[in-house]
Amino acid sequence: MKVLIICTEKLPVPPVRGGAIQTYIAGIAPFLGQKHEITIIGRNDPSLPDQETKEGIQYVRVPGGLLETYRQGIVDYLNSNSSFDLIHIFNRPRLVTSVRECAPSARIFLSMHNDMFKPQKINPDEGQIAIQEVEKIITISDYIGQAITEWFPEAAPKLKTIYSGVDLDRFVPVYSTKAEKIRKKIRKEYNLEGKKVILFAGRLSANKGAHVLVRAMNNLAKNHSHVALVLMGSKWFSDNRVTDYVSYVRSLAERSPVPVITTGFVSPDKIQDWFAAADIFVCPSQWQEPLARVHYEAMASGLPIVTTNRGGNPEVVERNKNGFIVEKPGDPKEFAEHLSTLLNNAQLCKEMGQYGRKLAEEKYHWDRVVHDILEVWNEIEQKVKNNIPINVEATEEQVTVEEVEEQDVLVTEIEIAAESDTEIEEIMEETEELEEVEKVEEDEEEVEEVEKVEEDEEEVEEIDEAEEKRNRGIFVCYYNPPAPPWINTRAG
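Note that the coordinates shown come from a computational prediction; the quantities given were computed from them, not determined experimentally.

A.B. asks: When you look at the overall build of the protein in this model, what are you seeing that I'm missing?
C.D. replies: In terms of regular secondary structure, the protein is built from 14 helices and 14 strands. Sorting the 492 residues of the protein into buried and exposed places 46% on the buried side. Approximately 25900 Å² of the protein is accessible, and the part contributed by carbon and sulfur atoms is 49%.

Below you can see the structure in the form of structure tokens.
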């Protein structure tokens, strides 16, 4: 199929300035490009050309920032390039109406990474039209799907949860040889040798909860003086400006009884180094978070997780197996209790980390994400092949072309097999009959041979008997009419 992927207006793809959605698209695009003709349209960036083709994927970049500006760029592009079979829009239901006007025959998908269907984000009428126009809505967690149906129950049949993935080669277990080298380097550079490092990764904003985690250090330090806290992140992606909240966190950190390292913005291609240097990962989110991708990165890095029971975050944490879940996200004491449990038990940390890595290898890698997306794309491809109208589900009678072809092949194979079976049966029957005839003939020959032998034996016996009598001088004579037999015994 000819597919257009539409990113958000905030950050460019590839994720040169970070971003979960941009990382997600960059993770799956190379694999999807092996099956389909892919074009990705996103916002422009000084570090990237406005148009380029890399690894078979065409990139088109238009002005972004504001949605209205970005939407116009997409409309302009589609007015000149409207021959797409499928248009997959990421996290922007407000683009659906405009895209539909430019591409009336295209199938439209939505991938939702946030709750963008709530009234504060989209007009209810526009939201309803968007849901009517799309064939499928992929969500990154069950929580996001539930949030959509809370406002638009009619969306339920179109929802499908596809959890995100992580690069297992970049994020390696902390106990691996590769991680050990990185770990030593980072710890030496930041004077963390001999410390138990607790890692936070994310934006420094109140809803991410970094302040609660810093305050938890006051409780933790009473029994664990060898701890250090790392806050990896900045105000916004690639933005190290100091906000009121950043100042507040810094002031808390200065009074903390344990060392607190604030890294500022870390380039997306370097963040795996900090995961390799850590011992425990904490996600102290205070808001109903869709499902932060840092959980996948922590699992891949073999770290035990402490996260909050907010939004979709708990969906990838198996309680007490790969992490703990904080029920009261605003309570520093509860964070300290879970962290203390891990710090007191190195074996538990190791087992949780290994279990998390196992989950990542089994369920949260890009190959699985691509497989799941291709499954829903393939449904659309079959509809296109069968000329099934937009937003009409294939009925049982509308068997796809591919299925018909598969059935034809199957029937032919069955017929050939049946014919072969018949021929075989006939041959077997003929063979069996022939064998029976041959057996009868063999039996008859054996009987004749036996009878011949018996006749020969009788003849031999008669000859022997006559010879014996002749040797004994005994003659037997029958006279007619009967007369008394006589015996003449020769003189010996």
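A.B. asks: So what exactly am I meant to see when it comes to the sheet that holds strand S7 (residues 136-139) here?
C.D. replies: Each strand in a sheet pairs with its neighbour through backbone hydrogen bonds, running either in the same direction (parallel) or in the opposite one (antiparallel). Judged by pairing direction, the sheet is mixed, and its eight strands sit side by side in the order S3-S4-S2-S1-S5-S6-S7-S8 without closing on themselves. This sheet does not close on itself; its edge strands, each paired only once, are strand S3 (51-54) and strand S8 (159-161). Looking at each pair of strands side by side, their axes are set apart by 20° on average, direction ignored. Relative to strand S5 (residues 86-90), strand S1 (residues 2-6) runs parallel, the two being bridged by four bridges. Residue pairing for S5: Val3 is matched across the bridge by Leu86. Strands in contact with helix H1 (residues 20-32) are S1, strand S2 (37-43), strand S4 (57-62) and S5; relative to S5, the strand with the most contacts, it is inclined by about 155°.

A.B. asks: Sorry if this is basic, but what is going on with the sheet that holds strand S11 (residues 260-264) here?
C.D. replies: The six strands are arranged S11-S10-S9-S12-S13-S14 in an open sheet whose pairing can be described as parallel. Each edge of the open sheet is held by one strand with a lone partner, namely S11 and strand S14 (323-326). Neighbour-to-neighbour, the strand axes of the sheet open up by a mean angle of 20°, direction not taken into account. Pairing of strand S13 (residues 305-308) with S14 involves four bridges; the strand directions are parallel. The partner of Thr308 across the bridge, within S14, is Val326. Docked against the sheet, helix H11 (residues 332-343) engages strand S9 (196-201), strand S10 (227-232), strand S12 (280-283), S13 and S14, running at close to 165° with respect to S14.

A.B. asks: Please clarify how the nonpolar core should be interpreted in this entry.
C.D. replies: Taken as a class, soluble globular proteins show a tendency for nonpolar side chains to be buried jointly. Counting 104 residues, the largest nonpolar core has Ile6, Ile87, Trp274, Phe275, Phe281 and Trp377 as its most contacted members. Broken down by element, the residue count for this core peaks at eight residues, all from helix H13 (residues 366-385). The residues touching Trp377, leaving out its near neighbours within four places in the chain, are Met1, Val3, Ile5, Leu32, His36, Ile38, Leu86, His88 and Phe109. Counting 33 residues, the second largest nonpolar core, distinct from the first, contains Leu252, Ala253, Ala336 and Leu343.

A.B. asks: Sorry if this is basic, but what is going on with empty space enclosed by the protein here?
C.D. replies: Remark: the empty space left among the atoms is shown by a probe the size of a water molecule rolled over them. Evaluated as defined, the whole model comprises two cavities of 30 Å³ or more. Within this model, the second largest cavity holds a volume of roughly 30 Å³. Looking at the lining of the second largest cavity residue by residue, the classes come out as six nonpolar, one polar and two charged.

A.B. asks: I would appreciate a short explanation of unusual backbone geometry in the present structure.
C.D. replies: Excluding glycine, a negative phi dihedral is what most residues carry, and trans is how most peptide bonds are arranged. With an omega of 5°, the peptide bond running from Val13 to Pro14 counts as cis. By secondary structure assignment, the location of Pro14 is in the loop between S1 and H1. A positive phi angle is found at Asn320, which is not glycine, with a value near 65°. Relative to the elements of secondary structure, Asn320 occurs in the loop between S13 and S14. A relative accessible area of 54% places Asn320 in the exposed class.

A.B. asks: I'm lost on the layout of surface pockets in this one. Help?
C.D. replies: Taken as a whole, the second largest pocket encloses approximately 250 Å³ of empty space. Looking at the second largest pocket, it is lined by 16 residues, and the ones nearest its centre are Val174, Asp279, Ala346, Cys349 and Lys350. Residue assignment for the lining of the second largest pocket shows that the elements contributing at least two residues are H11 and helix H12 (346-363). For the lining of the second largest pocket, the class distribution of residues is 10 nonpolar, two polar and four charged.

A.B. asks: Help me out: how do you make sense of the packing of aromatic side chains in this one?
C.D. replies: Following the criterion strictly, the structure yields 10 aromatic pairs and no others. Note on Phe171 and Phe275: the rings are 5.7 Å apart at their centroids and 80° apart in plane angle, and the pair reads as edge-to-face. Within this pair, whereas Phe171 is found in the loop between S8 and helix H6 (177-189), its partner Phe275 is found in helix H9 (residues 271-277), the two being separated by 104 residues in sequence. Just as Phe171 is buried, Phe275 falls in that class too. With 6.4 Å between their ring centres and 55° between their planes, Tyr245 and Tyr248 make a pair best called tilted. With a gap of three residues between them, Tyr245 and Tyr248 both fall in helix H8 (residues 244-254), about one helical turn apart. Judged by its relative accessible area of 13%, Tyr245 falls in the buried class. You can call Tyr248 partly exposed: its relative accessible area is 36%.

A.B. asks: It is not clear to me how the environment of Leu348 should be interpreted in this structure. Could you clarify?
C.D. replies: Along the polypeptide, Leu348 turns up in helix H12. The partly exposed category is assigned to Leu348, whose relative accessible area is 21%. In the structure, Leu348 is positioned 27 residues away from Lys321 in sequence and 9.1 Å away in space, judged by C-alpha atoms. Residues within four places of Leu348 in sequence aside, it is in contact with Phe324, Thr341 and Leu342.

Analysis parameters
Residues numbered from 1 in each chain as written. Predicted model: local features only at pLDDT ≥ 70, side-chain atom pairs only at ≥ 80, totals over all residues. Heavy atoms only, no water. Helix = DSSP H or I, 4+ residues; strand = E, 2+ residues; numbered from the N terminus. Buried < 20%, exposed > 50% of the residue type's maximum accessible area, 1.4 Å probe, protein only. Areas by Shrake-Rupley, 256 points an atom, 1.4 Å probe, with all protein chains shown as cover. Pairing = 2+ DSSP bridges. Axes fitted to C-alpha atoms, helices over the stretch in contact; angles between N-to-C directions. Contact = heavy atoms within 4.5 Å. Core = buried A, V, L, I, M, F, W, Y, C linked by side-chain atoms within 4.5 Å. 1 Å grid on protein atoms, 1.4 Å probe; cavity = no way out; pocket = protein on both sides within 12 Å on 5 of 7 lines; lining within 4 Å. Points joined across faces, edges and corners; volume = space filled by probe spheres on them. Nonpolar A, V, L, I, M, F, W, Y, C, P; charged D, E, K, R; others polar. Phe/Tyr/Trp six-rings, centres within 6.5 Å; stacked < 30°, edge-to-face > 60°.

By themselves, these figures tell us nothing about what the structure is for.
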